[in-house]
Amino acid sequence: MTAADRARAWLAQDPDPETRAEIEALLAAGGDALEARFAGRLSFGTAGIRGVLGAGPMRMNRVLIRQVTAGLADYLAATVPGARERGVVVGRDARRKSDVFAEDTARVLRGKGFRVWLAPGPVPTPLVAFAVRHLGAAAGVVVTASHNPPAYNGYKVYWENAAQIVPPHDEGISAAIDAVATTADLALPPLDAEPLGAEVEEAYLAGVRALAIAPDAAARAPLAIAYTPLHGVGARFVEAALARAGFTDVRVEPSQREPDGTFPTVEFPNPEEPGAMDRVLALARDTGADLVLANDPDADRLAVAVPDGDGYRMLTGDQVGVLLADYLLAGTDGDDRLVATTIVSSQLLGDMARAAGVAFCETLTGFKWIANAALQHGGRFVFGYEEALGYCVGELVRDKDGISAAALVAELAAVAKAEGQSLDDRLDAIYRRYGLYLTEQVSIVRAGDRGIDEIRAAMDAFRAAPPERIGDWAVERCVDVARGDGGLPPSDVLIYYIEGGRRVIMRPSGTEPKLKSYYEVREAVAEGEPMAAARRRAQAALAALRDAHQARLRAAFATPG
């Protein structure tokens, strides 16, 4: 079939006037744009499927949603005992088309004979993950593109264990989607799903409250909090969780409180992006906030900022991660405890776990690996995090959860304040015990198919000639995860362990034409040494390590493959 033939076949299935008009325009214009749009299909992987909204199989649209759901339903029915009776939880964020995508998902599932719980409005992703386990469902689906730009949407799947899917289920679902020849003959009954109602929300919020280490307000100082959901779905749940924990002085940035899929005040609704936090930081300055919190649009990530001179400073994901780990390990006991993080997060959590005598697990990048590793380990999961602002406290949600993390960070800040400390003081105490760990990430972008080839060639160049030194330091050990080194599932990742506790990691992005490099140094803090002096020394070491590796990386890109 030609691209035009495929476009006409797609048009015959498309129920959306907007994307039908787009296909008709593409057919009329012909050329490369039509070819590119029908050259394949967005791939389904361990994070589900995600892409730019638009017509055709290379975009997110109603036909694709119906195809994906039909494949998921067929795979569930063949794989999970009693899947139809156990049912599927369906939720969605507030992005463009999320409502109709969620309704199409529910209708296809009902047409395949599945029980369905459908959220009546936009809800946080962590609530859906919680609901799968709470209701004993066979799976969960969230229509969301998380923190991607406004033009995107996506489809995320949770397995019956309430964790994100991992191999072999991603490949199995993808193959089942490929087997869906057309959506034209799918049964699409009227929408009659059960509502994902107040009982589930109440159970989730009660679970968040039960995670508290210091539930007694007498152990905490009053705290002024500034918060933003960045036009996402977090506000109602974060406000409720903080109120139940006794935090009454919570100011929400009004221009960003209500869910809005156009994200009118931010170009990129990711709290890590420059400018995304400007409004809530201004609110914090105006109100004299002790703590600044922000969720991404589906509320599974949390950003934290703290007072710094006349303004506020963002904490890194690693800093928030070790602060929470230190607090939770001190507030729990038992030799069955487990903490976990990913290979690109700081090595500090491993040192803390060993000192506390608890189990520690290091996984590939992504929370799907953390949750599934915790399930396989079988211990009592206390905490997991990844440096990209994702945190999982306890076993309430088997994924990152920006709502429970917000409640625990606020509790920690209030406890510290009652003891005459700040979060910075807590961090400094950790660094004095274990060493000052500093981390940095640098991405090199190479656009298009040629860029992907250049990134692959650069990785191949490092594999062919592993560096014996990076800058002034000897490489003590090289781990090539693609070969199965390090006991991890094969993945295109190179890790260099360098003398003095330093580390460099290289990996291509899974969603963008980027080569990401992660740098970490560790500097011991001498007895009585000012932390400012230790930071200057660590920052200089980090810059030297980064620059030496980046110079070598630029040379690899410049060398013909």
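In this report, we go over the structure that sits alongside the text. Everything numeric in this text was worked out from a predicted model, so none of it was measured.

What counts, and where the lines are drawn
Residues numbered from 1 in each chain as written. Predicted model: local features only at pLDDT ≥ 70, side-chain atom pairs only at ≥ 80, totals over all residues. Heavy atoms only, no water. Core = buried A, V, L, I, M, F, W, Y, C linked by side-chain atoms within 4.5 Å. Buried < 20%, exposed > 50% of the residue type's maximum accessible area, 1.4 Å probe, protein only. Helix = DSSP H or I, 4+ residues; strand = E, 2+ residues; numbered from the N terminus. Contact = heavy atoms within 4.5 Å. Pairing = 2+ DSSP bridges. Axes fitted to C-alpha atoms, helices over the stretch in contact; angles between N-to-C directions. Polar contact = N/O pair within 3.5 Å; in protein donor to acceptor, adjacent residues only side chain to side chain. 1 Å grid on protein atoms, 1.4 Å probe; cavity = no way out; pocket = protein on both sides within 12 Å on 5 of 7 lines; lining within 4 Å. Points joined across faces, edges and corners; volume = space filled by probe spheres on them. Nonpolar A, V, L, I, M, F, W, Y, C, P; charged D, E, K, R; others polar. Phe/Tyr/Trp six-rings, centres within 6.5 Å; stacked < 30°, edge-to-face > 60°. Lys NZ or Arg CZ within 6 Å of the ring centre and 35° of its normal.

### Things to note about the nonpolar core
Piece 1. Counting residues in each nonpolar core, the largest one holds 119 residues, and the members touching the most others are Tyr204, Leu291, Leu293, Val304, Phe383, Tyr391 and Tyr496.
Piece 2. Top contributing element to this core by residue count: helix α15 (residues 402–418), with 11 residues.
Piece 3. Not counting chain neighbours up to four residues away, the residues in contact with Phe383 comprise Gly321, Leu324, Ala325, Leu328, Leu338, Val339, Ala340, Tyr391, Cys392 and Val393.
Piece 4. Membership of the second largest hydrophobic core comes to 45 residues, among which are Leu26, Val63, Ala73 and Tyr155.

### Describing the sheet that holds strand β12 (residues 337–342)
Piece 1. If you walk across this open sheet you meet the 4 strands as β13-β12-β14-β15, and the pairing is mixed. The sheet is open, and its two edges are formed by β13 (359–363) and β15 (390–393), each paired on a single side. Pairs of neighbouring strands in the sheet enclose a mean axial angle of 15°, with direction left out of account.
Piece 2. Note that β12 and strand β14 (residues 380–386) share 5 bridges and pair parallel. Residue pairing for β14: Ala340 is matched across the bridge by Gly384.

### Some thoughts on the pairing of strand β2 (residues 88–92)
Piece 1. Of all 5 residues in β2, 5 are buried; the element is thus mostly enclosed.
Piece 2. Taking every second residue as pointing to the same face, both faces of β2 are buried, with Val88, Val90 and Arg92 on one and Val89 and Gly91 on the other.
Piece 3. Pairing analysis gives 3 bridges linking β2 to strand β3 (residues 116–118), with the strands arranged parallel. Across the sheet, the residue bridging to Val90 is Leu118, located in β3.

### Overview of the environment of Arg220
Piece 1. Secondary-structure assignment places Arg220 in the loop between α9 (198–210) and β7 (224–228).
Piece 2. Since its relative accessible area comes to 10%, Arg220 is described here as buried.
Piece 3. Distance in space between the C-alpha atoms of Arg220 and Lys417 is 7.3 Å, their sequence separation being 197 residues.
Piece 4. Among the polar contacts made by the side chain of Arg220, one reaches the main-chain carbonyl oxygen of Ala214 at a distance of 3.3 Å.
Piece 5. Here Ala245 takes part through its backbone oxygen, which lies 2.7 Å from a polar atom of the side chain of Arg220.

### Details of empty space enclosed by the protein
Piece 1. On inspection of all chains with the given rule, the structure shows 3 cavities of 30 Å³ or more.
Piece 2. The calculated volume of the largest cavity comes to roughly 50 Å³.
Piece 3. Taken together, Val208, Arg209, Ala212, Ala241, Ala245, Ala407, Leu408 and Glu411 make up the lining of the largest cavity.
Piece 4. Of all the secondary-structure elements, those providing two or more residues to the lining of the largest cavity are α9 and α15.
Piece 5. With 3 residues, α15 is the largest single contributor of residues to the lining of the largest cavity.
Piece 6. Residues of the lining of the largest cavity, tallied by class, amount to 6 nonpolar, no polar and 2 charged.

### A few points about the packing of aromatic side chains
Piece 1. This structure, assessed with the given rule, holds 7 aromatic pairs.
Piece 2. Relative to Tyr391, the ring of Tyr385 lies with its centre 6.5 Å away and its plane at 20°, an arrangement referred to as stacked.
Piece 3. Residue classification places Tyr385 among the buried residues on the basis of a relative accessible area of 0%.
Piece 4. For Tyr391, a relative accessible area of 1% puts it in the buried group.
Piece 5. By the ring-pair criterion, three or more aromatic residues cluster together here, those being Phe130, Tyr204 and Phe237.
Piece 6. Here Arg446 stacks its cationic end above the ring of Phe557, 4.5 Å away from the centre of that ring.

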